[in-house]
Amino acid sequence: MALTGAIYGAKCYPSQFDAVDAFYSHSAPAQTPGLTSYVNEFVKSGASWYQIQYSVSDTGTWTTRSMTLAPVPTFPACDPSEKFLDGVAIGWGIAAAMIVVSALMLARRGVRSG
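Attention here is on the structure that accompanies the text.

Quick notes on the rules
Residues numbered from 1 in each chain as written. Predicted model: local features only at pLDDT ≥ 70, side-chain atom pairs only at ≥ 80, totals over all residues. Heavy atoms only, no water. Pairing = 2+ DSSP bridges. Helix = DSSP H or I, 4+ residues; strand = E, 2+ residues; numbered from the N terminus. Phe/Tyr/Trp six-rings, centres within 6.5 Å; stacked < 30°, edge-to-face > 60°. Buried < 20%, exposed > 50% of the residue type's maximum accessible area, 1.4 Å probe, protein only. Salt bridge = Lys/Arg side-chain N within 4 Å of Asp/Glu carboxyl O. Contact = heavy atoms within 4.5 Å. Polar contact = N/O pair within 3.5 Å; in protein donor to acceptor, adjacent residues only side chain to side chain.

### Comments concerning the pairing of strand E4 (residues 37-45)
Note on strand geometry: in a regular strand, side chains alternate between the two faces of the sheet.
Then, number 1: Two strands pair when backbone bridges link them, and strand E3 (residues 30-32) and E4 are joined in this way by 3 bridges, in the antiparallel orientation. The residue bridging glutamine 31 from the neighbouring strand is valine 39, located in E4.
Then, number 2: Taken together, E3 and the strand that follows it, E4, pair antiparallel across an intervening segment of 4 residues.
Then, number 3: Across 9 bridges, E4 lies against strand E5 (residues 48-56) in antiparallel orientation.

Pasting the structure below:
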C-alpha cells in the first residue's frame, strides 16, 4: 500500500494539498477587538493560501495591512484506499459466510431426503 494521502481531522485526504485545503478552509477569521480592530483570515488564490490581515476602524472602514503566503503545514501520511480495501475484505467475509450457510442448508436437505 502506498502512503500517498494525508490525515487531517481524523480523515485521510488523497494528498497533502487536499489536507492543506481542508485545514485552511476550516479556519475562521480571527478578530482582535478594540478601538481599531484587526482581522486575520486565510484566502486561497490560485494554488496558494494567503494570510491577509485587515484593520477595521471604529467607522467600519476595512484596510488591508498585509498579505503574505500562509505557512504550509505538514500532516501524517495515510493510505487513501485503506477504507475501501477494508470494505472489500468485510464484503468477502460476509459472502463467504453466506456461502457456508447455503452449503450447510443444502447438505442438511440432502441428508433428510436421502
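Let's pick the thread back up.
### So, the packing of aromatic side chains
Then, number 1: Overall, the coordinates contain 7 aromatic pairs when judged by the stated rule.
Then, number 2: Measuring from centroid to centroid gives 4.6 Å for tyrosine 24 and phenylalanine 42, while their planes differ by 35°, and the two rings are tilted. In this pair, tyrosine 24 is assigned in helix H1 (residues 16-25) and phenylalanine 42 in strand E4, connecting sequence segments 18 residues apart.
Then, number 3: Look at tyrosine 24 and you get buried, because its relative accessible area is 4%.

### A closer look at the pattern of salt bridges
Pairing is possible between side chains of opposite charge, provided their charged atoms come close.
Then, number 1: Inspection of the entire model under this criterion finds 1 salt bridge.
Then, number 2: Between lysine 44 and aspartate 21 there is a salt bridge, with the nearest N and O atoms lying 2.9 Å from each other. In this pair, lysine 44 is assigned in strand E4 and aspartate 21 in helix H1, connecting sequence segments 23 residues apart.
Then, number 3: Assessed through its relative accessible area of 36%, lysine 44 is described here as partly exposed.

### A word on the side chain of serine 15
Then, number 1: With respect to the element layout, serine 15 can be found in the loop between strand E2 (11-13) and H1.
Then, number 2: Sequence-distant contacts of serine 15, that is, excluding residues within four places in its chain, are made with Thr4, Gly5 and Ala6.

### Side note on the sheet that holds strand E1 (residues 5-8)
Then, number 1: As summarised here, the arrangement of the 3 strands in space is E2-E1-E7, forming an open sheet in which the pairing is antiparallel. Two strands in the sheet have a free side with no partner beyond their single neighbour: E2 and strand E7 (77-78).
Then, number 2: Looking at chain direction, E1 and E7 are connected through 2 bridges and run antiparallel. Each bridged residue has a counterpart across the sheet, and for glycine 5 the counterpart in E7 is cysteine 78.

### Let's talk about the environment of serine 37
Then, number 1: Relative to the assigned elements, serine 37 resides in strand E4.
Then, number 2: Measuring from C-alpha to C-alpha, the distance between serine 37 and proline 14 comes to 38 Å, with 23 residues separating the pair along the chain.
Then, number 3: Setting aside its immediate chain neighbours within four residues, serine 37 contacts Gln31, Thr32, Tyr54, Ser55 and Val56.

### What about the side chain of glutamine 51?
Then, number 1: Its place among the elements puts glutamine 51 in strand E5.
Then, number 2: At a separation of 3.2 Å, a polar atom in the side chain of glutamine 51 contacts the side chain of asparagine 40.
Then, number 3: Contacts of glutamine 51, omitting those with residues within four sequence positions, involve Asn40, Glu41, Phe42, Ser66, Met67, Thr68 and Ala70.

### Structural notes on the pairing of strand E6 (residues 62-69)
Then, number 1: One ladder, built from 7 bridges, connects E5 with E6; its direction is antiparallel. In the sheet register, valine 56 faces E6, and the bridge partner there is tryptophan 62.
Then, number 2: In sequence, E5 turns back onto E6 through a hairpin of 5 residues, with glycine 60 there showing a positive phi of about 95°.

These values are about where atoms sit, not about what they do.
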